[in-house]
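The residues making up each chain are set out below.
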Amino acid sequence: MHMQGGARLPVVSGVAFAVRPGECVVLAGPSGVGKSSILRMIYGSYRCDRGHILVRNGDVTIDVAAAEPRQIIALRRHLIGYVSQFLRALPRVTTIDVVAEPIVTVGVSREEARRRAAELLRRVNIPERLLGLPPATFSGGEQQRVNIARGFLPDLPVLLLDEPTASLDAVNRAAVVDLIAEKKRQGTAIIAVVHDDDVRAAIADTIIDISRFASAA
Amino acid sequence: MKQIAHDQPLLVAEGLSKWYGRQIGCRDVSLALYEGEVLAVAGESGSGKTTLLQLLSGQLEPTAGRVLYRMRDGVTRELAALGQAERRFLFRTDWGYVHQDPVLGLRMAVSAGANVGERLMAVGWRHYGRIRGTASSWLDRVEIDRSRIDDAPITYSGGMRQRLQIARNLITQPRLVFMDEPTGGLDVSVQARLLDLVRGLVAELGLAVIVVTHDLAVARLLSHRIMVMKGGEAIETGLTDQVLDDPHEPYTQLLVSSILPP
């Protein structure tokens, strides 16, 4: 990582793992060990100093670590979804459109996109009356569920989840676990950071302890 | 929303430099912009952003380097080699230029409808009713009440003027729009509305945009890619979230860490 004044902060090194279609890999380890950083490297938000991140799409394999910005934009539209910890709300955009946007961008009609967005929002228990409002003033848990719906709406082969259930109650945690199980059945490869033991037990096929890759700072 | 149809860039800059006497405006900048792509050029005042924008849009002659543009017929041409008529065509039809100060981009004394309709007339529209109808629908799109169509922009607020300038630019369905600090000088709430509007139109129309801004929040909201300039040079480029979340250059780090939390 690169910080103020040109300082460099080593985070992780020598990380190696593979995820198959329909598999859920959970990255584990204490806070600050670099789990979210790994997700961001896969998504292309952080650059890697060394190594490769290979994503296979049919017969084509793309190295995110070496991809041009344009390729990364295309990867995000068509291959890799990411649910961050916090919703980055835009002024004035309604909840339903926040959720529908990723599939409108790839050519689904707005009407159809809104219909699918509404259905998914119902599954994560966002009340109908909130759909026409911008999510900026929603509670932390509501915003997180809007964010989850946005990330889960497109059917992408790879899904990255950063603490998707951190501020949810038991009912909503269960709803999200259901959605993850559904994605796995559809063949989505999932890489998740989850602290909640029950959720982890419910979704993980493989658990990787990231602390063994941590760089001595 | 249009897909990114061509794998050829729309606009290419190669080794652009501009000296004002012995003063450097911009040094050795190269970039390629594709259809539907939004590029932010960020940096502080005096970093060469506006010089670069003027070079890219053919308003300034570079001291060295060249700008190439893929015309609507698919042929890529060098800007400096275009004739007057071809340049006029670009400026009136295929390009838009949104100034920071709407006064520079509008005719303040004529009606809003005439401001928006003017570019249509420039490309040969003659039917008054159709021009007015198209102008009205563009006022709707930029959220200006149709009842204000006969008022001159001198009677408009700053935010309305800026939205009118945007409508005036987009009415001919340009493929590339240059924006120079489009939200500079507006109140924060007015800024948010304008940004959201611009963001929606850009996505819907599949526009390529080069937006100059000193405001990294604007860059984050609007752009796919970012170029950070300092002292006339492009010091860091990449995906916007890459550069803003993990800036490599000390100067970019300083800019990013100077953002005040909301």
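No experiment lies behind these values; they were computed from the predicted model shown.

What counts, and where the lines are drawn
- Residues numbered from 1 in each chain as written.
- Chains lettered and ligands numbered in written order.
- Predicted model: local features only at pLDDT ≥ 70, side-chain atom pairs only at ≥ 80, totals over all residues.
- Heavy atoms only, no water.
- Pairing = 2+ DSSP bridges.
- Helix = DSSP H or I, 4+ residues; strand = E, 2+ residues; numbered from the N terminus.
- Axes fitted to C-alpha atoms, helices over the stretch in contact; angles between N-to-C directions.
- Contact = heavy atoms within 4.5 Å.
- Buried < 20%, exposed > 50% of the residue type's maximum accessible area, 1.4 Å probe, protein only.
- Arc of directions from axis to C-beta.
- Domains from an automatic or database assignment.
- Buried area = accessible area lost by both parts, 1.4 Å probe.
- Salt bridge = Lys/Arg side-chain N within 4 Å of Asp/Glu carboxyl O.
- Polar contact = N/O pair within 3.5 Å; in protein donor to acceptor, adjacent residues only side chain to side chain.
- Nonpolar A, V, L, I, M, F, W, Y, C, P; charged D, E, K, R; others polar.

A.B. asks: Talk me through the sheet that holds strand S5 (residues 158–162) of chain A; I want residue IDs and the actual numbers.
C.D. replies: As a general point, the strands of a sheet are linked pairwise by backbone hydrogen bonds and lie either parallel or antiparallel. All names here are of chain A. Strand order across the open sheet formed by five strands is S4-S5-S6-S1-S7, with parallel pairing between neighbours. Across the chains shown, the open sheet's two edge strands, defined by having one partner strand only, are strand S4 (80–83) and strand S7 (206–209). Going from strand to strand, the sheet's axes swing by 20 degrees on average, the running direction of each strand aside. With four bridges joining them, S4 and S5 adopt parallel strand pairing. Residue Ile80 lies in a different strand from S5, and its bridge partner there is Val158. Taken strand by strand, helix H5 (residues 140–152) contacts S4 and S5, and its axis lies near 175 degrees from that of S4. Lying on the sheet, helix H6 (residues 170–185) is in contact with strand S1 (24–28), S5 and strand S6 (189–193); it crosses S6 at an angle near 150 degrees.

A.B. asks: Give me helix H2 (residues 69–78) of chain A: which residues, what numbers.
C.D. replies: Quick reminder: α-helices carry 3.6 residues per turn. Residues three or four places apart thus point the same way. Those residues of H2 of chain A not exposed but buried are Pro69, Ile72, Ile73, Leu75 and Arg76 of chain A. The buried residues of H2 of chain A occupy an angular sector of 160 degrees when the element is viewed end-on, so they sit on one face. Residues of H2 of chain A that are buried make contact with helix H1 (35–43), strand S3 (60–63) and S4 of chain A together with strand S9 (225–230), strand S10 (233–239) and helix H9 (240–245) of chain B.

A.B. asks: So, the domain arrangement of chain B: which residues are in play, and what are the values?
C.D. replies: Residues and elements named next belong to chain B. Splitting chain B by domain gives domain 1 (1–11 + 35–67 + 175–262) and domain 2 (105–173). Relative placement of domain 1 and domain 2: their C-alpha centres are 25 Å apart. Domain 1 puts 13 residues into the contact, and the matching count from domain 2 is 11 residues. In total, about 1,100 Å² of surface goes out of reach between domain 1 and domain 2, with carbon and sulfur atoms giving 69% of it. It is Arg193, Leu197 and Leu201 that lose the most area in domain 1 upon contact with domain 2, and together they represent 44% of the buried surface on that side. There are two salt bridges connecting domain 1 and domain 2. Across the salt bridge formed by Glu204 and Arg141, the nearest N and O atoms sit 2.6 Å from each other. Linking domain 1 with domain 2 are three residue pairs in polar contact (both at pLDDT 80 or more), by the criterion used here. When residues in the side of domain 1 that touches domain 2 are grouped by element, the largest group, eight residues, is from helix H7 (residues 188–205). Of the residues belonging to the side of domain 1 that touches domain 2, the class tally is 10 nonpolar, no polar and three charged.

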